[in-house]
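Chain and residue survey
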Amino acid sequence: MFGKRIKIKELLLSDNVNYQATVMGWVRTFRNNQFIALNDGSTNNNIQVVVSLGSLDDITLKRITTGACIKATGEIIASLGKGQKVELNASSIEILGDSDAEKFPLQPKKHSLEFLREIAHLRFRTNTFGAIFRVRHSLAFAIHDFFNKKGFVYLHTPIITASDAEGAGEMFKVTTLPLDGTAPRNEDGSINFKDDFFGRNTNLTVSGQLEGELAAMAFSDIYTFGPTFRAENSNTTRHLAEFWMIEPEMAFHDLEDNMNLAEEFIKYIIRYAMENNREDLEFLSQRLEEEEKQKPQNERSELGLIQKLDFVVNNDFERITYTEAIDILKECSHNKKKKFNYLIDKWGIDLQSEHERYLVEKHFKKPVILTNYPKEIKAFYMRQNDDGKTVAAMDILAPGIGEIVGGSQREERFDKLTERMKEMHIPTEELDWYLDTRRFGACPHAGFGLGFERIVQFVTGMGNIRDVIPFPRYPKSASF
RNA sequence: UCCUCCUUAGCUCAGUUGGUUAGAGCAUCUGACUGUUAAUCAGAGGGUCGCCCGUUCAAGUCGGGCAGGGGGAGCCA
């Protein structure tokens, strides 16, 4: 049996000393030919492995380099130095994997996030990315935990879909037809998919919502949590071509129920990370603080990362309607002084990110839930309000990130839904299976979608979404 | 896709009005030292200045194009 070792997290958690232990991990630094800072990914903290002078031959000593993988056995003792409570006094050290110091790109120094993105396969071995991906794990776990406790069914919606009418964005095509121009064609010149693998045009999913609604009409409460694909040419710090999305769908919920659940959900998963990843968040908080010091005073955020999360968890989100938001924006001095690139003049326009940021970061200084948008700027499936102008939509806007959740009460009335689909040129025949939910036992229901990487960004304080997913996919980039 | 900035050693960056042999810190290698905390000290190696074209007696430096990257915008989660 090889794996008989103690994880560094467990070892550091206890103050016990004077016992034999074996640790395995990767060398972060090797100081003084004597002190190894060893990390195994279980925690951001390293165990100090002490090699007593003359106890190792020179050849082995030379192989203890940054990045090398080693197994160390010895006695855990109270540290003779400052900076750590306990350390391992090595009686034997075995090199499990060498790491050529001249070639290993990670050095015991600060690297830029841009450089680390180019070596994403190795960046897990840094403090920052170790912390990020442990937090990401905790958030993912907390999501399942939250819904499971509430009796939701975890639904796996298809990744390959035949419908391209979801309207959520450009889609990636899925096909086994040849790309050399010899694919079969219809008379009008378009590709004939009859002989394609699925016998029809298929794409990667942009949302599992429509399928989620089908299941909610049987289980009452379901959620999806899986990868989603958008072929948009988006080059920003908050968009990916492949990202993970959480989409709960609840029967017997109206817009208010929906908002309540979304707010409770966000607070739950943040709280979970704060309770289970304290050290990682403290590290990330410190990292952010140092990054902020580079910025001019007026651009720095008022709260530190942990303070910000504390605040979000302990305060109610602000809830206002689209109409109220327009009034606030129209009357604010920022608008009157013409400081917006897009000035707010009339009801009905879509809010730009500068407006959302103003509301969240300047006006309310907390997460904001915006409701009841004009129907013209929202999707076909959102429930029409009695005013004939708005739909029961809600977006949750978070400081620094912008839109983090988009949701709505769904239009359960068959006639209203099909009418709206026709107005918006959504082919009803292609979504006939979806309309069956309205034909057979329809009920008021609601749901929302939450971009997983966006919440990971929010909790870790990372500015670029490409740094919170292990191997980011975006235009012109699909390495690893 | 649009706007804008950037690209010089393995990494982070200096490099003056265009002018002789392009620098620093860290990393790496060699040696010294040994209870260090990104150890310290001494020495050494390391460059097609992103690529192509142009202006000029002369280009890391000026102009154009291309590529890659950052930030912002749009689309959205």
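Residues numbered from 1 in each chain as written. Chains lettered and ligands numbered in written order. Predicted model: local features only at pLDDT ≥ 70, side-chain atom pairs only at ≥ 80, totals over all residues. Heavy atoms only, no water.

**So, the packing of helix α7 (residues 278-293) against helix α8 (residues 305-314)**
Running from amino to carboxyl end, α7 crosses α8 at an angle of 120°, the nearest separation of the two axes being 8 Å. Viewed along their axes, α7 and α8 adopt a mutual orientation that is oblique. Where α7 abuts α8, its residues Arg278, Leu281, Glu282, Leu284, Ser285 and Leu288 lie against Leu305, Ile306 and Leu309. Of the residues belonging to the contact of α7 with α8, the class tally is six nonpolar, one polar and two charged. (Axes fitted to C-alpha atoms, helices over the stretch in contact; angles between N-to-C directions. Helix = DSSP H or I, 4+ residues; strand = E, 2+ residues; numbered from the N terminus. Parallel < 35°, antiparallel > 145°, perpendicular 65-115°, else oblique. Contact = heavy atoms within 4.5 Å. Nonpolar A, V, L, I, M, F, W, Y, C, P; charged D, E, K, R; others polar.)

**Brief notes about the protein's contact with RNA strand B**
Taken together, 45 residues sit near RNA strand B, with Asn32, Lys82, Thr236, His239 and Arg454 positioned nearest. Looking at RNA strand B alone, sugar and phosphate atoms form 47% of those within 4 Å of the protein. Residue Arg230 places a side-chain N or O atom 2.8 Å away from a sugar or linking oxygen belonging to RNA strand B. In this structure, a phosphate oxygen belonging to RNA strand B sits 3.3 Å away from a side-chain N or O atom of Thr237. Contributing elements (two or more residues each) for the surface near RNA strand B: β1 (19-31), α3 (113-118), β11 (242-251) and β15 (402-409). (Near = heavy atom within 4 Å. Polar contact = N/O pair within 3.5 Å; in protein donor to acceptor, adjacent residues only side chain to side chain.)

**Side note on unusual backbone geometry**
The phi dihedral of Asn18 falls on the positive side, at around 60°, and the residue is not glycine. When you line up the elements, Asn18 lands in the loop between α1 (8-13) and β1. Judged by relative accessible area, Asn18 falls into the exposed class, the value being 54%. Phi angles above zero are rare outside glycine, and Lys476 is one such case at about 70°. By secondary structure assignment, the location of Lys476 is in the segment after α14 (452-460). What makes Lys476 exposed here is its relative accessible area of 87%. (Buried < 20%, exposed > 50% of the residue type's maximum accessible area, 1.4 Å probe, protein only.)

**With respect to the pattern of salt bridges**
Overall, the coordinates contain 27 salt bridges when judged by the stated rule. For Arg63, the salt bridge goes to Asp98, with nearest N and O atoms at 2.8 Å. With Arg63 in helix α2 (residues 58-63) and Asp98 in the loop between β5 (86-97) and α3, this pair connects stretches of sequence that are 35 residues apart. On the accessibility criterion, Arg63 (33% relative accessible area) is partly exposed. In this structure, the salt-bridge partner of Glu412 is Arg383, at a minimum N-O distance of 2.8 Å. (Salt bridge = Lys/Arg side-chain N within 4 Å of Asp/Glu carboxyl O.)

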